[in-house]
Amino acid sequence: MNKAFPRGTSEPGTAEPGNRRVLVVEDEATLAGVVRDYLVQAGFQVRIAGDGFSALDLAAAWQPDLVLLDRMLPGLDGVEVCRRLRRAMSVPVIMVTALGTEDDRILGLETGADDYVTKPFSPRELVLRVKSVLRRSIKEFSPEPPVETAGFVLDPGARTVLRHGEPLALTLREFDLLAFLLRRPKQVFSREELIKAVWGWDFGDLSTVTVHVRRLREKIEDDPTAPRLLKTVWGVGYRFDPPDSAGEPDAADQGDTEPEASRGER
């Protein structure tokens, strides 16, 4: 029986890897050992869990700063582990999967993973992904000022968002995406631009952006199927419309149709 989770993770320390804890959840002992060795060499503190239930117990007790989570696990698979972590903690999650289909990758993102890596992978690239995700989860010494617009109050330092006075439960990437768009109302950004600005990737699977936009709509829109704040501009990208302009029709808008993406990616 896994323990009850405290709400939220411990406060970030510094950006130095030696102060950061990474929980590796992997049932292949050899692979887990290789990943651990590379992360330890990079200066991280590392612990390993070999199954889903052990991962939940260790996450509750150790309070990691990031979880590397295998998709296929004995007892409780990675998707369900991610769901339970998301209900209890704000820890960033990188899903590691041997399932290379787009549907499998999207499923991991939809359950709350902040990033994913497909097996086989380069351990060095994995370490870089860990560092990239952690950099975005650390409170900066001089954070950008809060944003107050369209009923939202976003505090970058505390990484909190209120909408009409009610807190929103956002993942790391959802927060970064919303913060980026709130600061740039009425500007259209392509998925390529968003994946570079928000994820810090020069290239990557653009369905990552599509999934996060859909998840964000579910949390900020009154009716996610007819978005009035986070709009799609057909063939171009996405735009945040404050309420004073959200009700105005735009010839470029096509409702909830995704830019250059099939309806299956919505």
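The structure this text deals with has already been given above.
Residues numbered from 1 in each chain as written. Predicted model: local features only at pLDDT ≥ 70, side-chain atom pairs only at ≥ 80, totals over all residues. Heavy atoms only, no water.

### Thoughts on the sheet that holds strand 10 (residues 188–189)
Each strand in a sheet pairs with its neighbour through backbone hydrogen bonds, running either in the same direction (parallel) or in the opposite one (antiparallel).
Point 1. The strand order across the open sheet built from three strands is 10-12-11, with neighbouring strands paired in antiparallel fashion. A strand with exactly one partner marks an edge of an open sheet, and here the two such strands are strand 10 and strand 11 (230–233).
Point 2. In this structure, strand 11 lies alongside strand 12 (residues 237–240), joined through four bridges in antiparallel fashion. Across the sheet, L230 pairs through a bridge with F240, a residue of strand 12. (Pairing = 2+ DSSP bridges. Helix = DSSP H or I, 4+ residues; strand = E, 2+ residues; numbered from the N terminus.)

### Digging into the sheet that holds strand 6 (residues 147–149)
Point 1. Reading across from one edge, 6-7-8-9 is the order of the four strands in this open sheet, with antiparallel pairing throughout. Pairing within the sheet leaves two strands with one partner each, and these edge strands are strand 6 and strand 9 (166–167).
Point 2. Looking at chain direction, strand 7 (residues 152–155) and strand 8 (residues 160–163) are connected through four bridges and run antiparallel. Bridging across to strand 8, V153 finds its partner in L162.
Point 3. Packed on one face of the sheet, helix 6 (residues 172–182) meets strand 6, strand 7 and strand 8 and runs near 115° to strand 7. (Contact = heavy atoms within 4.5 Å. Axes fitted to C-alpha atoms, helices over the stretch in contact; angles between N-to-C directions.)

### Section: helix 6
Point 1. Within helix 6, eleven of the eleven residues are buried, which leaves it mostly tucked inside the rest of the structure.
Point 2. Three or more residues of helix 6 are buried, namely L172, R173, E174, F175, D176, L177, L178, A179, F180, L181 and L182. (Buried < 20%, exposed > 50% of the residue type's maximum accessible area, 1.4 Å probe, protein only.)

### A look at the packing of helix 2 (residues 52–62) against helix 3 (residues 78–88)
Point 1. Between helix 2 and helix 3, the shortest axis-to-axis distance is 10 Å and the interhelical angle comes to 20°. As judged from the angle between their axes, helix 2 and helix 3 are roughly parallel. Judged by the sense of rotation from one axis to the other, the crossing of helix 2 with helix 3 is right-handed. The residues of helix 3 that touch helix 2, namely those facing G52, F53, A55, L56 and A59, are V81, R84 and L85.
Point 2. Of the residues in the contact of helix 2 with helix 3, the class split is six nonpolar, one polar and one charged. (Parallel < 35°, antiparallel > 145°, perpendicular 65-115°, else oblique. Left-handed = near helix turned anticlockwise from the far one by under 90°. Nonpolar A, V, L, I, M, F, W, Y, C, P; charged D, E, K, R; others polar.)

### Side note on the packing of helix 6 against helix 8 (residues 207–220)
Point 1. Helix 8 packs onto helix 6 with a crossing angle of 80° between their chain directions and a minimal axis gap of 10 Å. In terms of orientation, helix 6 lies roughly perpendicular with respect to helix 8. Taken together, the residues of helix 8 that come into contact with helix 6 (itself represented by R173, E174, L177 and L178) are H212, V213, R215, L216, K219 and I220.
Point 2. Taken together, the residues that form the contact of helix 6 with helix 8 break down as five nonpolar, one polar and four charged.

Function-wise, these values are silent; they only describe arrangement.
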